[in-house]
Amino acid sequence: MRRLLAMVAVTLGCVIGWGADWLTDGGNPQRTAWQKDEKILATDTVKNIKLLWKLKLDNQPRQMHSLFPPLIVSNVNTPNGPRQIAIDAGVSDNIFAIDVEKGQVIWTKHFESSFTPPANGGRGGGILCPGGLTATPVIGPAGAPGKYTIYAASWDGMLHQLNVADGEDVAAPSKFMPPNGKPYALNLFNNVLYTHTAQGCGGNPNIAYAYDLATKKVGSWGPAGGGMWGRTGPAISADGTMYTGTGDGRWDPENGIYGNGIVGLKQDPKTKELKLTDYYGPSNAEWLVKRDLDMQVTPAIFTYKGKELMVDAGKECRVYLLDVQSIGGDDHRTPLYRSPLLCNEDVNFASAGIWGSMATWEDSKGTHWVLTPIWGAKHSAFKAPVENGVVKDGAIVAFKVEEKGGKLQLTPAWISRDMNRAEPPVIANGVVYTYGNGEDTDQAYPDVGLADTAERRIPGSTKAVLYALDAQTGKELWSSGDQIASWNHFSGLSVANGRVYIATFDSMLYCFGIKK
């Protein structure tokens, strides 16, 4: 009996020790990319990171898309006892559940439908419209300890609700949006699912959606301008407003056109409609659209001295600090702070600027930090107190949120080492995790102009490299070197319980961490 109690205590200790979940792309509804519950990996232990396992998943890439960032559930009740499970979505309408302790697939779900893409009408095919499942799912608790539900949008626009433990449907699929619309990562807040679409795929307009799980009603709103293609979907504020940047399109709010800006949308509690509540347009919005410099980055929302703030950016390579109470001030054109140019000195619409999503965290001293990835060379006029080498292809840039002269600003703190197209970071326990994606990002060519194809870019793509950086200085603490064999496009990282996960174009999922 004593031996049995000891075994139970050890088992429970392992379960409690897991502790950290990553249930949504970006880590939380505010999209801060801050893993607050990591206890194993730290600045003094990351040097011991090893490749724990890699797993080839049965997923067919489409164009340049393949696997999305895995979602991590630390304690799932299964017939075989509690398990820590990773849920990874593949672009070919696939969902995989992986036992992270063993690096083995537990179950696989493929969404079958009768939908076939139209032969013509709207933008079809190509890198921008790969078809398939394009939104990272989201996971929510299912009303009992150890039970969780996956919410996923398939290619045909249907919403699927699956049991994390076994992949079985917990509700019949229901209509969420038109097929082939290219939604981005789902967000879940107060029993409502949020997403947005871009690129006019399948002839569909670019729309933001809110699906009310209680009533199954869908609210929608469109900017009548550019698409909304922030990598990790919309960010949600404390009052349930979703915020997203808008892509190419004119900024003309008097006529209901909100391209190249940021919009705030909120669900009507009675009708479930999605309504515009606030908006911001950069002072040079007309120039941005002429140069294809979209405001396409997922914002991050955080609280600073009792005030809810938001940071966002775009391909021009500036960072904006905004007050969620009024993101553009009285004239909708005035942020709290607008940074100088960090990069993109040559005004490149494809291989420079800020892409993906923002990140923010607070250290033990109460300092609030904002982090952004940049592509291409650092701007010659931009400086930081700590620079970790010459930046030619990309880097992470860190700022401190400070108040000077009664005004808030972002003060440059450090710039990381050079990396090949730096991707959005995740912060955990004083360490910044990021990677160079290794993707060939060119979109314009001397011989064929803008005839951009996957067949042209895939051969020029190389390998992703994962990095761990000191969050205070940007100093490199560890890297994966040449251990990752492929690259990725529009994916990301997940961090939980001593492990860092990255997926690549060849449908390989890598798990790095500290061996027990």
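Residues numbered from 1 in each chain as written. Predicted model: local features only at pLDDT ≥ 70, side-chain atom pairs only at ≥ 80, totals over all residues. Heavy atoms only, no water.

When strand β25 (residues 359-362) meets strand β26 (residues 368-375), the two strands line up antiparallel, connected through 4 bridges. Within β26, the residue paired with threonine 360 across the bridge is valine 370. Between β25 and β26, which pair antiparallel and follow one another directly, the connecting turn spans 5 residues, one of which, glycine 366, has a positive phi of 90 degrees. (Pairing = 2+ DSSP bridges. Helix = DSSP H or I, 4+ residues; strand = E, 2+ residues; numbered from the N terminus.)

A word on the pairing of strand β16 (residues 242-245). The side-chain alternation of β16 yields two buried faces, one formed by Met242 and Thr244 and the other by Tyr243 and Gly245. Judged from the 2 bridges that link them, strand β15 (residues 235-236) and β16 form a sheet pairing that is antiparallel. Across the sheet, residue alanine 235 finds its bridge partner in β16, namely tyrosine 243. Count of turn residues in the β15/β16 antiparallel hairpin: 5 residues, of which glycine 240 carries a positive phi of about 85 degrees. (Buried < 20%, exposed > 50% of the residue type's maximum accessible area, 1.4 Å probe, protein only.)

With that settled, consider the state of the cysteines. Under the defined criterion, the tally for this structure stands at 2 disulfides. One disulfide in the model links cysteine 129 with cysteine 201; its S-S distance is 2.1 Å. Measuring the twist about the S-S bond at about -85 degrees, one finds the cysteine 129-cysteine 201 disulfide to be left-handed. Placement of the pair is cysteine 129 in the loop between β6 (104-110) and β7 (138-141) and cysteine 201 in the loop between β12 (192-196) and β13 (208-212), with a sequence separation of 72 residues. Covalently, cysteine 317 is tied to cysteine 343 through a disulfide, its sulfur atoms 2.0 Å apart. The sign of the 100 degrees torsion about the S-S bond sets the cysteine 317-cysteine 343 disulfide as right-handed. Placement of the pair is cysteine 317 in the loop between β22 (307-313) and β23 (319-323) and cysteine 343 in the loop between β24 (337-338) and β25, with a sequence separation of 26 residues. (Disulfide = S-S within 2.5 Å.)

Here we come to the pattern of salt bridges. A complete count under the given rule lists 19 salt bridges for this structure. With a closest N to O distance of 3.3 Å, aspartate 99 and arginine 83 form a salt bridge. Here aspartate 99, found in strand β5 (residues 94-99), pairs with arginine 83, found in strand β4 (residues 81-90); they are 16 residues apart in sequence, far enough to count as distant. According to the relative accessible area criterion, arginine 83 is buried, its value standing at 17%. Between arginine 231 and glutamate 423 there is a salt bridge, with the nearest N and O atoms lying 3.2 Å from each other. With a gap of 192 residues between them, arginine 231 in the loop between β14 (218-221) and β15 and glutamate 423 in the loop between β29 (407-415) and β30 (426-428) connect regions that are remote in the sequence. Take arginine 231: its relative accessible area is 6%, and that puts it in the buried class. Several salt bridges share partner residues, and in doing so they unite Arg250, Asp252 and Glu286 into one network. (Salt bridge = Lys/Arg side-chain N within 4 Å of Asp/Glu carboxyl O.)

What you tend to see is this: most non-glycine residues have negative phi, and most peptide bonds are trans. Although it is not a glycine, alanine 33 adopts a positive phi angle of roughly 60 degrees. Among the structural elements, alanine 33 can be located in the loop between α1 (2-18) and β1 (34-35). Backbone geometry places asparagine 180, a non-glycine residue, at a positive phi of 60 degrees. When you line up the elements, asparagine 180 lands in the loop between β10 (169-175) and β11 (187-189).

Moving on: the confidence of the model for the protein chain. As a note on interpretation, predicted positions should not be read in detail where pLDDT is low. Averaged over every residue, the pLDDT of the protein chain is 94; residues scoring 70 or more account for 95%. Across residues 1-17, confidence stays below pLDDT 50; counting only partners more than four residues off in sequence or on other chains, it has 3 contacts. (pLDDT = per-residue confidence, 0-100. Contact = heavy atoms within 4.5 Å.)

Glancing now at the sheet that holds β26. Reading across the sheet, the 5 strands line up as β25-β26-β28-β29-β27 and stay open at both edges, with mixed pairing between neighbours. Edge positions in the sheet fall to β25 and β27 (386-387), since each of these pairs with one other strand and no more. Across 7 bridges, β26 lies against strand β28 (residues 394-404) in antiparallel orientation. Each bridged residue has a counterpart across the sheet, and for threonine 372 the counterpart in β28 is valine 397.

Moving on to the sheet that holds β14. With antiparallel pairing, the 4 strands of this open sheet are ordered in space as β11-β12-β13-β14. Strands with a single pairing partner mark the edges of an open sheet, and in this sheet they are β11 and β14. Within this sheet the neighbouring strands show an average axis-to-axis angle of 20 degrees, counted without direction. When β12 meets β13, the two strands line up antiparallel, connected through 5 bridges. Within the sheet, the bridge partner assigned to tyrosine 194 lies in β13 and is alanine 210. (Axes fitted to C-alpha atoms, helices over the stretch in contact; angles between N-to-C directions.)

It is worth spelling out the environment of tyrosine 435 at this point. Along the chain, the position of tyrosine 435 falls in strand β31 (residues 431-436). For the pair tyrosine 435 and alanine 468, spaced 33 residues apart in sequence, the C-alpha to C-alpha distance is 8.6 Å. A polar contact of 3.4 Å, which involves the side chain of tyrosine 435, links it to the backbone nitrogen of glycine 492. (Polar contact = N/O pair within 3.5 Å; in protein donor to acceptor, adjacent residues only side chain to side chain.)

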